[in-house]
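Residue-level structural notes
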Amino acid sequence: MRSIVSRTAALGTTQTRRSHYSIRATRVVCAAMDWQFVGREVELGAIHSRVLEGRSSLLTGAAGVGKSRLAEEARAALESTHSVERLIGSPSVRQLPFGAVAHLGGDAPLPEAAALIGFVARAIRKRAAGKPALVVIDDLDLLDDGSIAFVQHLLAHESIPVLATTRTDGAADPRVVSLWKDDLIERIDLNAMSRAETDALAATILDGPTTGELRNEIWRLTEGHPLFIRELLLEGLASRAIVDDDGAWSLKSSLGRSQRVADIVQVRTAGLNEAELDGLRAVALCEPVPLQLAKRLAPDNVLETLEARRMVRLETTPEGPVLRSSHPLIAEATTARMPALRMAAM
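Values in this document were obtained by computation on a predicted structure and should not be read as measured data. (Residues numbered from 1 in each chain as written. Predicted model: local features only at pLDDT ≥ 70, side-chain atom pairs only at ≥ 80, totals over all residues. Heavy atoms only, no water.)

Its 12 residues give helix α2 (residues 41–52) an end-to-end C-alpha distance of 17 Å, which sits within 8% of 16 Å, the value for a rise of 1.5 Å per residue. Buried within α2 are the following residues: I47, R50 and V51. Along the axis of α2, the buried residues cluster in a sector spanning 100°; they form a single face. Exposed residues on α2 whose side chains face more than 90 degrees from its buried face are E41, V42 and L52. Taken together, the buried residues of α2 touch β1 (57–61), α3 (67–78), β3 (133–138), β4 (162–167) and β5 (186–189). (Helix = DSSP H or I, 4+ residues; strand = E, 2+ residues; numbered from the N terminus. Expected span 1.5 Å × (residues − 1). Buried < 20%, exposed > 50% of the residue type's maximum accessible area, 1.4 Å probe, protein only. Arc of directions from axis to C-beta. Contact = heavy atoms within 4.5 Å.)

In structure tokens form, the structure reads like this:
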């Protein structure tokens, strides 16, 4: 009887703990959908000061580095003092002349293209009703030519500051280069978060302490990219790879096969042709790959394309130059999606 009671009590404790884990994990997942901003205090302060001075900023960086989130935090902080308008670039909107800015004209009939830029600028001022205006733009390089011309007009002729984001390769778009090269907008290149900021963000998202093993794995896989940190943790909670162990979140199984992160990576690789995909797969599967070996695995033009699109990076080692995937999660996601026969052939 004593044994049965003990086992029943133990089972009850286990069931209670599992229920507690489920409730806590669910709460964390819900909170992570709108996670607290961590780090970037210096950059946020600089952007805030520039907008108050009527100056414009262009946030650039790799995918997942936190450009949009930083811009959103700045927008939220400035909404109490500014009338904020938003533009969002996308491949579909880019096909429409003035497609990104037409809504800023309000309900009034839009004039011809030659008069549209001034008309929209006046509409923004009218809506501001005496408050200073601010235009926030996500993916500046994905605006259509007419909308880019409107942004250039704001920067050159209107006292309406602009806060825009673009990926690093988007900042090389000739239409965008002309804006920051001529000092119409200040380019701010964002790097990944530091190890300390990464640890702090993970603890904030999980709403509790984390073990050293989990912190090391998060840092190894994300290299401080906030988007990857968030998606990796959400996937880890959903798959029970991350569990609550006596009040501290710990690593139970590998995080490297996150479907959420793989989907993000697939968007980045969508424009690669088959030869480029094979080159990326070869690097991901064998990295670090000596440069001379990489040149035998893929043509030079393929490797140059992958480097230009920031899919791979060249590193110098004591043994000579080597190629790696530009981010550990690109390697993880790429190899996870490789067909078995293709992997065997490599």
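Moving on, we get to the pairing of strand β6 (residues 242–245). Strand direction decides the pairing type here: β6 and strand β7 (residues 248–251), joined by four bridges, are antiparallel. Considered in β7, the bridge of I242 is made with L251. Counting the residues that bridge the hairpin from β6 to β7 gives two residues, and of these D246 lies at a positive phi of roughly 55°. (Pairing = 2+ DSSP bridges.)

Before going further, it helps to examine the pattern of salt bridges. Evaluation of the coordinates by the stated rule reveals 23 salt bridges. In this structure, E223 engages R313 in a salt bridge whose closest nitrogen and oxygen atoms are separated by 3.4 Å. Here E223, found in the loop between α8 (212–222) and α9 (226–238), pairs with R313, found in strand β9 (residues 312–317); they are 90 residues apart in sequence, far enough to count as distant. The network of salt bridges with shared partners includes R50, E53, R55 and E186. (Salt bridge = Lys/Arg side-chain N within 4 Å of Asp/Glu carboxyl O.)

Next up on the list: the packing of helix α4 (residues 113–128) against helix α5 (residues 145–157). Between α4 and α5, the least distance of the axes is 10 Å, while the angle of their chain directions is 60°. The orientation of α4 with respect to α5, classified from their angle, is oblique. In the packing of α4 onto α5, the handedness of the crossing is right-handed. From α4, I117, V120, A121 and I124 reach across to α5, where they touch A149, F150, H153 and L154. (Axes fitted to C-alpha atoms, helices over the stretch in contact; angles between N-to-C directions. Parallel < 35°, antiparallel > 145°, perpendicular 65-115°, else oblique. Left-handed = near helix turned anticlockwise from the far one by under 90°.)

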